[in-house]
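Descriptive structure summary
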Amino acid sequence: HVQLVESGGDSVQAGRSLRLSCSAPGYTYSTYCLAWFRQAPGKEHQGVAVIFNDDKRTTSYADFVKGRFTISREHSKNTVYLQMASLRPEDTAVYYCAAGGSPLDYWGQGTQVTVS
């Protein structure tokens, strides 16, 4: 059963921007953290960004997206976003959102991002 639903994936040119969204019911949105992962064909699953459900909405990013990607939350919509800028071909992957603590119990089906 899929609790999180990603959207916003598309095919774009290198250097362009794209915003991914992940909608979740309250019981998943209110968990310890929300995160974005990605997996490209033939490559391992990679963590991309995390936002914690604390008062500061603490974030953490993989080195390969720092300065380019921004994770954020919009409480009124139970949604987490991944704003991606300066996209590169190596960013091509299926992007997944996840929620939970340890482990991340809830996952979406993924949304395809293709950069060429």
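These notes cover the structure that comes with them. In this text, all values refer to a predicted model and were calculated from it rather than measured experimentally.

Cut-offs used in this document
Residues numbered from 1 in each chain as written. Predicted model: local features only at pLDDT ≥ 70, side-chain atom pairs only at ≥ 80, totals over all residues. Heavy atoms only, no water. Core = buried A, V, L, I, M, F, W, Y, C linked by side-chain atoms within 4.5 Å. Buried < 20%, exposed > 50% of the residue type's maximum accessible area, 1.4 Å probe, protein only. Helix = DSSP H or I, 4+ residues; strand = E, 2+ residues; numbered from the N terminus. Contact = heavy atoms within 4.5 Å. Pairing = 2+ DSSP bridges. Axes fitted to C-alpha atoms, helices over the stretch in contact; angles between N-to-C directions.

Right, let's get into the nonpolar core. Counting 27 residues, the largest nonpolar core has Leu 20, Trp 36, Val 48, Phe 69, Leu 82, Met 84 and Tyr 95 as its most contacted members. Among the elements of the structure, β3 (18–23), β4 (33–39), β5 (46–52), β7 (69–74), β8 (79–84), β9 (93–100) and β11 (111–115) are those that each provide at least two residues to this core. With four residues, β9 is the single largest residue contributor to this core. Setting aside residues up to four positions removed in sequence, Phe 69 forms contacts with Arg 38, Val 48, Tyr 61, Leu 82, Gln 83, Met 84, Ala 85, Leu 87, Asp 91 and Tyr 95.

Here the focus is the pairing of β9. Most of β9 sits inside the fold, with six of its eight residues counted as buried. Relative to β11, β9 is paired through three bridges, and the arrangement is antiparallel. Each residue of the ladder has a partner; that of Tyr 95, found in β11, is Thr 111. Where β9 meets strand β10 (residues 106–107), two bridges bridge the pair, whose relative direction is antiparallel. Paired with Ala 99 across the strands is Tyr 106, a residue of β10. From the end of β9 to the start of β10, which pair antiparallel, there are five residues.

The subject of this paragraph is the sheet that holds β8. Each strand in a sheet pairs with another by means of backbone hydrogen bonds, the pair being arranged parallel or else antiparallel. One open sheet holds the four strands; their spatial order is β1-β3-β8-β7, and the pairing between them is antiparallel. Among the strands making up the open sheet, the edge pair consists of β1 (5–7) and β7. Going across the sheet, the axis of each strand differs from the next one's by a mean of 20 degrees, ignoring polarity. The pairing of β1 with β3 spans three bridges and is antiparallel.

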